[in-house]
Amino acid sequence: MGSKLGKMDRRQFVKWGSAVSAGMVASNNSWGLSSLKPMEPLTDTLSKDYPYRGWEDIYRQEYEYDSVGYAAHCVNCHGNCAFKVLVKDGIVVREEQLAQYPQIDSRIPDTNPRGCQKGAIHSQAMYEPDRLRYPMKRVGERGESKWQRISWDQAATEIADKILDIHEQYGPGKILTHTGTGALSGARLAAGVRFAALLGGVIEDQMTDVGDGQSGQTLATGDCLQNFTSDAWFDADYIINSFHNPVMTRIPDAHYMTEAKYNGCRVVSVSPDYNPTAIRSDLWININPGADPFMYMAMVQVILAENLWDAAFVKEKTDLTLLVRNDNDKLLRQSDLQADGKADVFYMWDQASGKAVTAPGSMGSDVKSLSLNGIDPALEGEFEVDGIAVKPAFVHMRAEANNYTPESTEEKTGVHPSIVRDEARRFAKAKKAFVVSGFASAKMLNGIYIQWAQVLMCSLTGHLGERGGYFSPYSMLSQEGVFGLCFPKGKMPRFECGGLGEYVHGRKIDDARKHYNSDKLKQRAGFTIDELDEIIRHSIESRQMPVYEGIKAGILTADNKFVRNKGPEYRERMLKLFEELLVVIDIRLNSTAQFADYVLPAAAHYEAWDVRTTPLHRHANLFTAPAKPVGESKSDWNIKGLILQKLQQRAQERNFQAFEDGPIKRDFTTIYDEYTLQGTVTDDKAATRWIIEHTPGFKPGDFERGVEQGFLVVNNSPLQADCKIEPNKPIHSWRAQDEDNKPFPTLSGRLTFYCDHELFQRLDSCVPTARWNSGPEASDYPYTFYTPHTRWAIHSSWRSNKYMQRLQRGEPFVYVSPKLAAEKGIVDGGQVRVFNGLGEFQAQAKLMPGIRDNQVMMEHAWERHQFKGGQGLNSVVATLIQPLETVGNWGHLKFELYKWNPNSLANETGVDIEAVQA
Ligand SMILES: Nc1nc2c(c(=O)[nH]1)N[C@H]1C(S)=C(S)[C@@H](COP(=O)(O)OP(=O)(O)OC[C@H]3O[C@@H](n4cnc5c(=O)[nH]c(N)nc54)[C@H](O)[C@@H]3O)O[C@H]1N2
Ligand SMILES: Nc1nc2c(c(=O)[nH]1)N[C@H]1C(S)=C(S)[C@@H](COP(=O)(O)OP(=O)(O)OC[C@H]3O[C@@H](n4cnc5c(=O)[nH]c(N)nc54)[C@H](O)[C@@H]3O)O[C@H]1N2
Ligand code: SF4
Ligand SMILES: [Mo]
């Protein structure tokens, strides 16, 4: 080192340092330590003390760039943070958070600067060795890592021919053409869906596929996509975090929750571990794992018993007024009373007129409003309608809630009754209160019960619209243009259930059968594996839930299936299913790509055009492809285009004819022309422009405006019409229902707390109630294995990045409590084996007092090759399907993408753990 600092001896350095730290440098060139301004007069001490300053140029060169553009990251973090990207010779030299979003509401801090550490090192990660650079073809066995670099032309031609072969041999619909959650931006997603729609390929529901489906929310409200922006937290006076760890998993938005505390908001976190959000809460309720429904039902009981509920709201907005027959516990329907009556018209008992009247606003009602117009519906009592004895649904709900007092549930939840009572009162009395639900409850077998009880709690206390309510961070702002591009006229993909599709294809029931003790499961969750098997089969066979069997090939985009899915044999089973072909289109050689027949390199976040929105803030970010694609990578839009161009060419050469695929007419000889809208949308930039120009929320000229500033503000979103978006306010869900009495998209048009479907009846679940999850108690292994999301990666993306690795242990690790570690002879930093009858994996132990002695925690989505032996953490995970979610023939409970179909589960498998002797 040539600088004077290098020659400074230790004694001098310490002296200099202590003088500075004491603020004692009293010469005329010192800095005022308590002020941001230098003290006057200022001279440059550096030029005197450090003559050799050439090294500084290295940093200056970071700012040498020849072009600037914008991008966010298209992965499933929902951050959607605009970055400014500085580029020289096509290479990214620097990225900065854009921090230019305008303030929306003058009372609420703006959302700048958005970002997280992963986004901020993407300029490094995009050039790391795992980046895919060239199309490659497998030459060894699958997974053997023997590849041949091939040209795009060869890759696209061979894949196109194979698609045609599969079609000839097996017929349409035999290819899983799935785009996963790594590509949640508009043009990337549209590329994948349009490709599948033209081919007639199978796509799984992206939301339930990964385990993020909020079924309890859909059951109660009809639509789990209607949500709030995160700035709505700011003026809340009460927030419960349920299975939600935003300090780690909503990094750019978590500040609204801590800032809300300055307004007097009480923030409560409910979690079995002391997670980073619990640390920043006013109260941490350290509930027993899986016991949540019991606590929320107890809160409901307190709200009812202490008369903390809002009767007028309940009468107007909920179905608790609907009459239920005493003889069969079914809702009283018009079809019960009249020969030509409708099955979706219901009754209330009007106390004003002393008779039953039809409830306005249901699916079959001619009245499209919830307004009672003078009806005073009864909530209590017993009545007779045409000789049929009936009671309001409220009576059933209340009777069930009465089974769960804070005292009677304490043993299960581990939460003291005084806490339950206190928090129920605070929640009920708050002007604006939220239950903010993370996606981990969606991954619990009893998630539907947790969420249903939570929405009931919100509904009894009138927390809806601007007064808060149930918040799950998922929705779609202004995506109409994306949908327009996804679906060519008259063409649809074969959409199937996410969680259930994976369950059936991956034969996960075999793992469940092996792992769970059926008697214990019946006791704990209410059904045996055989019963579940029968329920699933019935749902599929009676076409309540679509699953396409007979898959022969996979073309997977941005989908790290072999990491995220559960079970030790999932990968091998899927590889058998994909016997004819597996193509992986990704930016990295991930654990799924390693087993592909062809790997196609996609342009990454800064290398392809796109537009993205998120539920959590109201800005659409433009990706302007500032950097040159690495190697020969191409945009997802262009990759799909190239395959279809070759398919069209080969179909013509092979003399393929147009054919009927059910009601859809397909023609492979014109498929590329259809993909590009007759040659008008031939690349990612054109696709991005098309989306913006076909989204009603945007104005003419917005594409150019977006390219100029990197983002657009969304002030109008027809898809979110019920939020009544206003330019100067956070977005609040269900305002149209709250303020204008518009019916909810449910069978009764009301917030739903009574479901009389026969499966709900069979499982004794017609009203919100409490059930356990499966848990280690339903297995023969002692500890819960749960696998939440990590601060240092978005799933497997950036998982192996060197900067992120330096912030943690540099290899996969599991969290173990010091007590459990002592019992098992496990030391911090030592290796452990986590195992059960299904499988095992090895990792490093990290001791953490914040978790329970009967739990083992590991943050998910390490790549499989990061583990010794290549067994990933999901190889010990068994899963079930929540039976209620298989219902597909009851009003709003019908298969609907993102909203209602069975979810993938995690977080409740039983394992054991032991130290690995060195
Ligand atoms: N940094 C980062 N951010 C991300 C992601 C990422 O991978 N990394 N992924 C994104 C995606 S797709 C998702 S789905 C979300 C997920 O993020 P979150 O919705 O926050 O869900 P998790 O991290 O899975 O789990 C949240 C918490 O649930 C708690 N929990 C576990 N078991 C129980 C229980 O029995 N009862 C209760 N009450 N709590 C329990 C644990 O404390 C855990 O910390 O994060 C998103 N954001
Ligand atoms: N045990 C357990 N398992 C879980 C969970 C859990 O909590 N516990 N969480 C589940 C949840 S909530 C989720 S969301 C899933 C996440 O699992 P996945 O949905 O598989 O998400 P990633 O691992 O991020 O994989 C996305 C892939 O997209 C690629 N990609 C990124 N950008 C692009 C692009 O522009 N083009 C293309 N073609 N590819 C791109 C990335 O490189 C990455 O390989 O995991 C689920 N699995
Ligand atoms: S990874 Fe997600 S949260 Fe992080 S900076 Fe990028 S968009 Fe934002
Ligand atoms: Mo997720």
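The rules behind each value
Residues numbered from 1 in each chain as written. Chains lettered and ligands numbered in written order. Predicted model: local features only at pLDDT ≥ 70, side-chain atom pairs only at ≥ 80, totals over all residues. Heavy atoms only, no water. Helix = DSSP H or I, 4+ residues; strand = E, 2+ residues; numbered from the N terminus. Rg over C-alpha atoms; globule rule 2.2 N^0.38 Å. Buried < 20%, exposed > 50% of the residue type's maximum accessible area, 1.4 Å probe, protein only. Contact = heavy atoms within 4.5 Å. Areas by Shrake-Rupley, 256 points an atom, 1.4 Å probe, with all protein chains shown as cover. Lys, Arg positive; Asp, Glu negative; His and termini not counted. Charge placed at Lys NZ, Arg CZ, Asp CG, Glu CD. Disulfide = S-S within 2.5 Å. Near = heavy atom within 4 Å. Polar contact = N/O pair within 3.5 Å; in protein donor to acceptor, adjacent residues only side chain to side chain. Nonpolar A, V, L, I, M, F, W, Y, C, P; charged D, E, K, R; others polar. Phe/Tyr/Trp six-rings, centres within 6.5 Å; stacked < 30°, edge-to-face > 60°. Lys NZ or Arg CZ within 6 Å of the ring centre and 35° of its normal. Salt bridge = Lys/Arg side-chain N within 4 Å of Asp/Glu carboxyl O. Pairing = 2+ DSSP bridges. Axes fitted to C-alpha atoms, helices over the stretch in contact; angles between N-to-C directions. Left-handed = near helix turned anticlockwise from the far one by under 90°. Core = buried A, V, L, I, M, F, W, Y, C linked by side-chain atoms within 4.5 Å. Expected span 1.5 Å × (residues − 1). Domains from an automatic or database assignment. Patch = residues over 30% accessible without salt bridge, like charges linked within 9 Å, V, L, I, M, F, W, Y side chains within 5 Å. Parallel < 35°, antiparallel > 145°, perpendicular 65-115°, else oblique. pLDDT = per-residue confidence, 0-100.

Trainee: Looking at this model, I keep getting lost on the overall build of the chain. Mind explaining?
Mentor: Within the chain, the secondary structure is distributed over 35 helices and 32 strands. Taken over the C-alpha trace, the chain has a radius of gyration of 29 Å; the compact-globule value for 918 residues is 29 Å, and the two agree within 12%. In terms of principal-axis extent, the alpha carbons of the chain reach across some 100 × 80 × 65 Å. Looking at the chain as a whole, 63% of its 918 residues are labelled buried. Residue pairs at least 24 apart in sequence account for 75% of intrachain contacts in the chain once pairs closer than 6 positions are excluded. Here the chain has roughly 33,900 Å² of accessible surface; of this, 50% comes from carbon and sulfur atoms. When the 104 positive and 116 negative side-chain charges of the chain are each reduced to one mean point, those points stand 4 Å apart.

Trainee: Looking at this model, I keep getting lost on the state of the cysteines. Mind explaining?
Mentor: By definition, a disulfide links the sulfur atoms of two cysteines through a covalent bond. Summed over the entire model, instances satisfying the criterion amount to 0 disulfides. Looking at the unpaired cysteine 224, the closest cysteine sulfur is the one in cysteine 723, lying at 13 Å. The buried category is assigned to cysteine 224, whose relative accessible area is 0%. The thiol sulfur of cysteine 458 is not disulfide-bonded, and the nearest other cysteine sulfur, from cysteine 265, lies at 14 Å.

Trainee: I keep staring at the site of ligand 2 and nothing clicks. Help me out?
Mentor: In the neighbourhood of ligand 2, 34 residues make up the surrounding shell, with Thr181, Arg188, Asp586, Ser796 and Asn874 lying closest. Here aspartate 586 contributes a side-chain N or O atom positioned 2.6 Å from an oxygen atom of ligand 2. With respect to ligand 2, the side chain of asparagine 874 contributes an N or O atom lying 2.6 Å from a nitrogen atom. The residue inventory of the shell around ligand 2, partitioned by class, reads 11 nonpolar, 14 polar and 9 charged.

Trainee: Quick question: what am I supposed to make of the site of ligand 1 here?
Mentor: Close to ligand 1 lie 31 residues; Thr249, Asp273, Asp292, Phe439 and Ala793 are nearest. Between ligand 1 and phenylalanine 439 there is a distance of 2.7 Å, counted from an oxygen atom to a backbone nitrogen or oxygen. Surface burial for ligand 1 is 98%, taken as the share of its 910 Å² of free accessible area covered by protein chains.

Trainee: Please clarify how the packing of aromatic side chains should be interpreted in this entry.
Mentor: The geometry of two aromatic rings is summed up by the distance between their centres and the angle between their planes. Scanning the entire structure with this criterion turns up 25 aromatic pairs. Taken together, a centroid distance of 5.1 Å and an interplanar angle of 50 degrees make the contact between phenylalanine 294 and tryptophan 772 tilted. Of this pair, phenylalanine 294 sits in helix H14 (residues 292–305) while tryptophan 772 sits in the loop between helix H33 (758–762) and strand E27 (783–786), and the two are 478 residues apart along the sequence. An identical accessibility class is assigned to phenylalanine 294 and tryptophan 772; each is buried. A ring pair is formed by phenylalanine 434 and phenylalanine 471, whose centres lie 5.8 Å apart and whose planes are at 85 degrees; its orientation type is edge-to-face. With phenylalanine 434 in strand E16 (residues 433–437) and phenylalanine 471 in strand E17 (residues 468–471), the pair connects residues that are 37 residues apart, well separated along the chain. For phenylalanine 434, a relative accessible area of 0% corresponds to the buried category. A residue is classified by how much of its surface remains accessible, and phenylalanine 471, at 0% relative accessible area, is buried. Chaining the aromatic ring pairs together yields one cluster made of Phe228, Trp233, Phe434 and Phe471. Taking the ring centre of tyrosine 134 as reference, the NZ or CZ of arginine 149 above it sits at 3.5 Å.

Trainee: In this structure, what is going on with the pattern of salt bridges? I would like to understand it.
Mentor: When their charged atoms lie close together, side chains carrying opposite charge are able to pair. If you walk through the whole model with that rule in mind, you get 80 salt bridges. Here arginine 325 and aspartate 327 are joined by a salt bridge, their closest N and O atoms 2.7 Å apart. Look at aspartate 327 and you get exposed, because its relative accessible area is 53%. Here lysine 724 makes a salt bridge to glutamate 739, at a shortest N to O gap of 2.9 Å. Taken as a pair, lysine 724 in the loop between strand E26 (711–713) and helix H32 (735–740) and glutamate 739 in helix H32 lie far apart in primary sequence, 15 residues in all. Since its relative accessible area comes to 29%, lysine 724 is described here as partly exposed.

Trainee: I'm lost on the sheet that holds strand E3 (residues 91–97) in this one. Help?
Mentor: Sheet strands associate in pairs through backbone hydrogen bonding, adopting either a parallel or an antiparallel arrangement. Strand order in the open sheet formed by 3 strands is E1-E2-E3, with antiparallel pairing between adjacent strands. Edge positions in the sheet fall to strand E1 (67–71) and E3, since each of these pairs with one other strand and no more. On average, each strand axis in the sheet is inclined to that of its neighbour by 30 degrees, with strand direction left out of account. Alignment of strand E2 (residues 83–88) against E3, held across 6 bridges, turns out to be antiparallel. Within E3, the residue paired with lysine 88 across the bridge is isoleucine 91.

Trainee: In this structure, what is going on with the pairing of E2? I would like to understand it.
Mentor: Put simply, side chains in a regular strand alternate between the two faces of the sheet. In the sheet, E1 pairs with E2 via 5 bridges, with the strands oriented antiparallel. Bridging across to E2, valine 68 finds its partner in leucine 86. Counting the residues that bridge the hairpin from E2 to E3 gives 2 residues, and of these aspartate 89 lies at a positive phi of roughly 50 degrees.

Trainee: Before we go on, may I ask you to explain the packing of H14 against helix H17 (residues 393–401) in this structure?
Mentor: Each packed pair of helices is defined by two parameters, the angle between the axes and the distance between the axes. Running from amino to carboxyl end, H14 crosses H17 at an angle of 115 degrees, the nearest separation of the two axes being 9 Å. Handedness of the crossing formed by H14 with H17: left-handed. In contact with Met297, Val300, Gln301 and Leu304 of H14, H17 contributes Phe394, Met397, Arg398, Glu400 and Ala401.

Trainee: What exactly am I supposed to notice about the nonpolar core here?
Mentor: Nonpolar side chains in soluble globular proteins generally cluster together in the buried interior. Counting 105 residues, the largest nonpolar core has Met295, Tyr296, Leu320, Phe394, Met457, Leu460 and Leu880 as its most contacted members. Those residues in contact with methionine 295, other than ones at most four positions away along the chain, are Val270, Ile285, Ile287, Thr413, Val415 and Val420. Ile159, Ile175, Leu198 and Ile587 belong to the second largest nonpolar core, which has 67 residues in total.

Trainee: Whenever I open this one, the sheet that holds strand E14 (residues 383–385) confuses me. Can you help?
Mentor: What the 3 strands build is an open sheet, ordered E11-E15-E14; its pairing is antiparallel. The strands lining the two open edges of the sheet, one partner per strand, are strand E11 (323–325) and E14. When strand polarity is set aside, the average angle formed by the axes of neighbouring strands in this sheet is 50 degrees. Looking at chain direction, E11 and strand E15 (residues 388–392) are connected through 3 bridges and run antiparallel.

Trainee: For this particular structure, what's the right way to read H14?
Mentor: Because an α-helix packs 3.6 residues into every turn, residues spaced three or four apart end up facing the same way. In this model, H14 (14 residues) spans 20 Å end to end at C-alpha, consistent with the 20 Å of a helix rising 1.5 Å per residue. In terms of burial, H14 is largely enclosed, as 13 of its 14 residues are buried. Two residues or fewer after H14 comes asparagine 307, characterised by a positive phi angle close to 55 degrees.

Trainee: Help me out: how do you make sense of the pairing of strand E22 (residues 609–612) in this one?
Mentor: Side-chain alternation along E22 places Trp609 and Val611 on one buried face and Asp610 and Arg612 on a second face that is also buried. Relative to strand E23 (residues 619–624), E22 runs antiparallel, the two sharing 4 bridges. Bridge assignment links valine 611 to a residue of E23, and that residue is leucine 622. The antiparallel pairing of E22 with E23 creates a hairpin that spans 6 residues between the two strands.

Trainee: What am I meant to see in the domain arrangement of the chain here?
Mentor: How big an interface is tends to be reported as the loss of accessible area on association of its parts. When its domains are assigned, the chain resolves into domain 1 (1–64), domain 2 (311–400) and domain 3 (776–915). Computed from C-alpha coordinates alone, the two centres of domain 2 and domain 3 are separated by 46 Å.

Trainee: Explanation requested: a nonpolar patch on the surface in the structure shown.
Mentor: Together, Trp55, Ile58 and Tyr59 give the surface a local cluster of nonpolar side chains, amounting to about 380 Å² of exposed area. For tryptophan 55, the position within the fold is in the loop between helix H3 (45–49) and helix H4 (56–61).

Trainee: What is the right way to read helix H20 (residues 447–460) from this model?
Mentor: Its 14 residues give H20 an end-to-end C-alpha distance of 20 Å, which sits within 8% of 20 Å, the value for a rise of 1.5 Å per residue. Among the 14 residues in H20, 14 count as buried, and that is most of the element.

Trainee: I keep staring at the packing of H14 against helix H18 (residues 406–413) and nothing clicks. Help me out?
Mentor: Two numbers describe how H14 lies on H18: the axes approach to 9 Å, and their chain directions differ by 165 degrees. Of the possible angle classes, the one that applies to H14 and H18 is roughly antiparallel. As for how H14 packs across H18, the hand of that crossing is left-handed. Together, Phe294, Met295, Ala298, Gln301 and Val302 of H14 and Pro406, Thr409, Lys412 and Thr413 of H18 make up the contact between the two elements. Among the residues making up the contact of H14 with H18, the classes are represented as 5 nonpolar, 3 polar and 1 charged.

Trainee: Would you explain the side chain of threonine 409 in this entry?
Mentor: Relative to the elements of secondary structure, threonine 409 occurs in helix H18. The class for threonine 409 is buried, based on a relative accessible area of 3%. At 2.9 Å, the side chain of threonine 409 and the backbone oxygen of threonine 405 are in polar contact. Ignoring any residue separated from it by four or fewer positions in sequence, one finds threonine 409 in contact with Phe294, Ala298 and Tyr404.

Trainee: Hey, could you run me through the confidence of the model for the chain in this one?
Mentor: Predicted coordinates in regions of low pLDDT should not be interpreted in detail. The predicted model of the chain has a mean per-residue pLDDT of 94, with 95% of residues at 70 or higher. Every residue in residues 1–35 scores below 50 in pLDDT, and together they form 27 contacts with partners more than four places removed in sequence or on other chains.

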